[in-house]
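Structure at a glance
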Amino acid sequence: MTHDEAKLAGGVAVITGAGSGIGAGIARRAGFLGMTVVVADIDQASAARVAAEIVAAGGKAEAIVVDVSKHAELDRLADLVFDKYGKVRLLVNNAGIETLGFSWEIPAERWEATLNINVHGVVHGVRAFVPRMLASGEECWIANLASIGAFGIMPTQAAYLVTKHAVQSFSENLFLELQLAQAPIHLSSVIPGYVKTAIFAENDRKDEPADAAHHRQTMSAMMQNHGMDADEAGRIILEGVAAGRFWVSTHPETTKQMVAGRIAYFQDQTDPPLRPETRELLGY
Ligand SMILES: NC(=O)c1ccc[n+]([C@@H]2O[C@H](COP(=O)([O-])OP(=O)(O)OC[C@H]3O[C@@H](n4cnc5c(N)ncnc54)[C@H](O)[C@@H]3O)[C@@H](O)[C@H]2O)c1
């Protein structure tokens, strides 16, 4: 445990989407650090499993079912947690889904779910929790999950990437607002590279275009072969968050390369490049 992480010990951590993957990795690490962990997820069984793992390891945790795509659910989550514990030291707006396919083929409901979970879930997590964090007058931490994809573009991944660009922008602006308001709240934008999780796992999502299955399988295999372990990601992320760093990356060198490529592209103002390897990856 680092000196900074020790400041989290004894506090309450609320982590959305903590029933799987990166959220579960962060939740287990928070439990290890001595936090009381609220494992919030739309999937009751997986939230209960992660909470039980934390308790079995000697930590404190409870599972709460929440659908972050509904802003009233985030208000309900904040009510439940503040009523029960009085304070929240750490909020991680992590829940997210992947959506693949040509933009014009993705059904309207799937577009809305992706925007509601990945963007509005983060925005309304902040809206529901920050006023009560401010009222407590105590030092708090918030982490919003963007992605290395916040600095990239990819055909047939627009629905997901547009949400990650949005979350990155939201966090940058929110950081300034917290400074302006002299809030005692540290804000991190978490930028994972590939982490081995279930985000690409469902090969036959009925609400995705049929063409998306190939891309999903390719990405799933790449993630399983080259992705970082979710517990390692959770450790790296909480270390950076506890240190109050805005930029928290699991793969800092890759992030730097992506950002550098993006800057060059903006400066050159070329058309968005469709590379042969992208065609190959997507099977076109
Ligand atoms: N895995 C990666 O390589 C990677 C890379 C960059 C960013 N991310 C981001 O990390 C976050 C976590 O992704 P992951 O890879 O661990 O995915 P995952 O699919 O393993 O876990 C996501 C969790 O979110 C939950 N969830 C989905 N919809 C929800 C809703 N409406 N309300 C509450 N919970 C909901 C799921 O039940 C699941 O437990 C996402 O925001 C994702 O975009 C992941």
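Residues numbered from 1 in each chain as written. Predicted model: local features only at pLDDT ≥ 70, side-chain atom pairs only at ≥ 80, totals over all residues. Heavy atoms only, no water.

Right, let's get into the packing of helix H2 (residues 21-32) against helix H3 (residues 44-56). For the pair H2 and H3, the least separation of the axes is 9 Å and the interaxial angle reads 25°. When the axes of H2 and H3 are compared, the pair comes out roughly parallel. Where H2 crosses over H3, the two elements pack in a sense that is right-handed. Along its contact with H2, which presents Ala-24, Ala-27, Arg-28 and Gly-31, the element H3 presents Val-50, Glu-53 and Ile-54. (Axes fitted to C-alpha atoms, helices over the stretch in contact; angles between N-to-C directions. Helix = DSSP H or I, 4+ residues; strand = E, 2+ residues; numbered from the N terminus. Parallel < 35°, antiparallel > 145°, perpendicular 65-115°, else oblique. Left-handed = near helix turned anticlockwise from the far one by under 90°. Contact = heavy atoms within 4.5 Å.)

Now for the packing of H2 against helix H8 (residues 230-242). Running from N to C, H2 and H8 point in directions that differ by 60°, and their axes come no closer than 7 Å. The angle between the axes of H2 and H8 places the two elements in the oblique class. Between H2 and H8 the crossing geometry is right-handed. Each of Gly-21, Ile-22, Gly-25, Ile-26, Arg-28, Arg-29 and Ala-30 in H2 lies in contact with H8, whose residues at this interface are Ala-230, Asp-231, Gly-234, Arg-235, Ile-237 and Leu-238. For the contact of H2 with H8, the class distribution of residues is six nonpolar, three polar and four charged. (Nonpolar A, V, L, I, M, F, W, Y, C, P; charged D, E, K, R; others polar.)

The next point concerns the nonpolar core. Among soluble globular proteins, nonpolar side chains are generally buried collectively. Core analysis: the biggest nonpolar cluster contains 32 residues, and Ile-15, Ala-27, Val-39, Leu-90, Ile-237, Leu-238 and Val-241 have the highest contact counts within it. Elements that contribute at least two residues to this core include exactly strand S1 (12-16), H2, strand S2 (36-41), H3, strand S4 (90-93), strand S5 (140-145) and H8. Ranked by residue count, the leading element in this core is H8, at six residues. With near-sequence residues (within four places) excluded, Ala-27 lies in contact with Ile-15, Ala-18, Val-37, Val-39, Val-50 and Ile-54. In terms of nonpolar packing, the next biggest core, distinct from the first, is built from 30 residues, Val-12, Ala-78, Phe-82 and Phe-246 among them. (Core = buried A, V, L, I, M, F, W, Y, C linked by side-chain atoms within 4.5 Å. Buried < 20%, exposed > 50% of the residue type's maximum accessible area, 1.4 Å probe, protein only.)

Moving on: the environment of Val-66. Mapped onto the fold, Val-66 is located in the loop between strand S3 (60-65) and helix H4 (71-85). Among the residues examined, Val-66 registers a relative accessible area of 2% and is labelled buried. Taking the C-alpha atoms as reference points, Val-66 and Glu-53, 13 residues apart in sequence, are found 19 Å from one another. If near-sequence neighbours (up to four positions away) are discounted, Val-66 is found in contact with Ala-40, Asp-41, Ile-42, Glu-73, Arg-76 and Leu-77.

With that out of the way, let us pick up helix H7 (residues 212-226). Every α-helix carries 3.6 residues per turn, so stepping three or four residues along brings you back to the same face. Across its 15 residues, H7 extends 21 Å between first and last C-alpha, which sits within 8% of the 21 Å expected from 1.5 Å per residue. Within the span of H7, buried status applies to Ala-212, His-215, Arg-216, Met-219, Ser-220 and Met-223. Burial along H7 is one-sided: seen end-on, the buried residues are contained in an arc of 130°. Among the exposed residues of H7, those oriented more than 90 degrees off its buried face are Asn-225 and His-226. Summarising the contacts, the buried residues of H7 are in contact with helix H5 (108-136) and helix H10 (276-282). (Expected span 1.5 Å × (residues − 1). Arc of directions from axis to C-beta.)

This brings us to the site of the ligand. Of all residues adjacent to the ligand, which total 28 residues, the nearest are Ser-20, Asp-41, Tyr-160, Val-195 and Thr-197. Here Asp-41 contributes a side-chain N or O atom positioned 2.6 Å from an oxygen atom of the ligand. Within the contact set of the ligand, a nitrogen atom lies 2.9 Å away from a backbone nitrogen or oxygen of Val-68. About the coverage of the ligand: the protein hides 92% of its 820 Å² of free accessible area. Residue classes in the shell around the ligand are distributed as 16 nonpolar, nine polar and three charged. (Near = heavy atom within 4 Å. Polar contact = N/O pair within 3.5 Å; in protein donor to acceptor, adjacent residues only side chain to side chain. Areas by Shrake-Rupley, 256 points an atom, 1.4 Å probe, with all protein chains shown as cover.)

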